[in-house]
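Each chain is listed here by its residues.
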Amino acid sequence: MKNKMHFLVGTTLITMLVVGLTWIIITVNSDMQIPELDNALAQRGLELAQSNGCIACHSLDGGVGIGPTWLGMYGKTETLKDGSTAIVDADYIIESIVRPEARLVQGYENLMVRYFLSEEDLQALVEFTRQLSLQEP
Ligand code: HEC
């Protein structure tokens, strides 16, 4: 009898914990501003950014992160660690993903690992960041 009580209290507490955590995760994620995207390629880019964990280090809203924000990234002139500059275009973005150590952004550490993505996935990420930079801040 006593054991059954313990079991009931235990499962109730665990259920509450799981429900609570799920609620927190959903709330936090829905707080993330998802930009409006006008094509399937960009939409796929967003999904890739989520599933590959890019957005753990890169904010989409100008917020500070381990890596530079993606808001306004596409098309800007980036200052690199060695003091030189680079225009952020498709080639630069793809190089940053497949060989992150090749050109480091000033003010950031070399913390990004290289990703092995298909050409199509790379194009999707480029298209997503391009559209993100067309948005109003
Ligand atoms: C562990 C954190 C981390 C993750 C995860 C990460 N990055 Fe980065 N990323 C960085 C840091 C730090 C920099 C700046 C240093 C450098 O240039 O490598 C950077 C730089 C970049 C740049 C150049 C940004 C600029 O303003 O010039 C691009 C583009 C980029 N990352 C894309 C991606 C993509 C796409 C993914 C996911 C497939 C990703 N990153 C995942 C940390 C991360």
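Computed from a prediction, not measured in an experiment: that's the story for all the values here.

Below, the discussion takes up the overall build of the protein chain. Within the protein chain, the secondary structure is distributed over five helices and two strands. Residue pairs in contact within the protein chain that sit at least 24 positions apart in sequence constitute 51% of those at least 6 positions apart. Of the roughly 9200 Å² that the protein chain leaves accessible, carbon and sulfur atoms contribute 61%.

Aromatic ring pairs are defined here through the distance separating the ring centres and the angle between the ring planes. Per the stated rule, a full pass over the model turns up one aromatic pair. Measuring from centroid to centroid gives 6.3 Å for Trp70 and Phe128, while their planes differ by 70°, and the two rings are edge-to-face. Here Trp70 is found in the loop between α3 (54–57) and β1 (77–79), whereas its partner Phe128 is found in helix α5 (residues 119–134), with 58 residues between them in sequence. Phe128 shares its class with Trp70; the two are buried.

Of all residues adjacent to the ligand, which total 25 residues, the nearest are Cys54, Cys57, His58, Glu78 and Met112. One nitrogen or oxygen atom from the side chain of Tyr92 is found 2.5 Å from an oxygen atom belonging to the ligand. Between the ligand and Val105 there is a distance of 3.1 Å, counted from an oxygen atom to a backbone nitrogen or oxygen. Mapping the ligand onto the cavity grids shows that it belongs to the largest pocket.

Right, let's talk about helix α4 (residues 90–98) for a bit. All of the buried residues in α4 are Tyr92, Ile93, Ile94, Glu95, Ser96 and Ile97. Residues of α4 that are buried make contact with β1, β2 (85–87) and α5.

Distances from the iron atom of the ligand to its protein donors, namely His58 (NE2) and Met112 (SD), fall within the range 2.0 to 2.2 Å. Here the iron atom of the ligand binds six donor atoms, and the angle range of 88 to 179° at the metal identifies the geometry as octahedral. Taken together, the residues His58 in the loop between α3 and β1 and Met112 in the loop between α4 and α5 connect sequence positions 54 residues apart.

Attention now goes to the confidence of the model for the protein chain. The pLDDT averaged across the protein chain works out to 89; a share of 88% of its residues lies at or above 70. Within the protein chain, the lowest mean pLDDT, 73, falls on helix α1 (residues 2–31), and the highest, 98, falls on α4.

Side chains of Met5, Phe7, Leu8, Val9, Leu13 and Met16 sit close together on the surface and give an oily, nonpolar patch of about 630 Å² of accessible area. Positionally, Leu13 belongs in helix α1. Take Leu13: its relative accessible area is 54%, and that puts it in the exposed class.

For the pair helix α2 (residues 40–51) and α5, the least separation of the axes is 7 Å and the interaxial angle reads 100°. One element, α2, and the other, α5, form an angle in the roughly perpendicular class. Only Glu120, Asp121, Gln123, Ala124, Leu125, Glu127, Phe128 and Gln131 of α5 make contact with α2, whose side of the interface consists of Leu41, Ala42, Arg44, Gly45, Leu46, Leu48 and Ala49. Residue composition of the contact of α2 with α5, by class: eight nonpolar, three polar and four charged.

Rules used in this analysis
- Residues numbered from 1 in each chain as written.
- Predicted model: local features only at pLDDT ≥ 70, side-chain atom pairs only at ≥ 80, totals over all residues.
- Heavy atoms only, no water.
- Helix = DSSP H or I, 4+ residues; strand = E, 2+ residues; numbered from the N terminus.
- Contact = heavy atoms within 4.5 Å.
- Areas by Shrake-Rupley, 256 points an atom, 1.4 Å probe, with all protein chains shown as cover.
- Phe/Tyr/Trp six-rings, centres within 6.5 Å; stacked < 30°, edge-to-face > 60°.
- Buried < 20%, exposed > 50% of the residue type's maximum accessible area, 1.4 Å probe, protein only.
- Near = heavy atom within 4 Å.
- Polar contact = N/O pair within 3.5 Å; in protein donor to acceptor, adjacent residues only side chain to side chain.
- 1 Å grid on protein atoms, 1.4 Å probe; cavity = no way out; pocket = protein on both sides within 12 Å on 5 of 7 lines; lining within 4 Å.
- Sits in = over half its atoms within 2 Å of the grid points.
- Donors = N, O, S within 2.8 Å, 3.2 Å for Na, K, Ca; no water.
- Tetrahedral: all angles 85-135°; square planar, octahedral: opposite > 155°, others 65-115°.
- pLDDT = per-residue confidence, 0-100.
- Patch = residues over 30% accessible without salt bridge, like charges linked within 9 Å, V, L, I, M, F, W, Y side chains within 5 Å.
- Salt bridge = Lys/Arg side-chain N within 4 Å of Asp/Glu carboxyl O.
- Axes fitted to C-alpha atoms, helices over the stretch in contact; angles between N-to-C directions.
- Parallel < 35°, antiparallel > 145°, perpendicular 65-115°, else oblique.
- Nonpolar A, V, L, I, M, F, W, Y, C, P; charged D, E, K, R; others polar.

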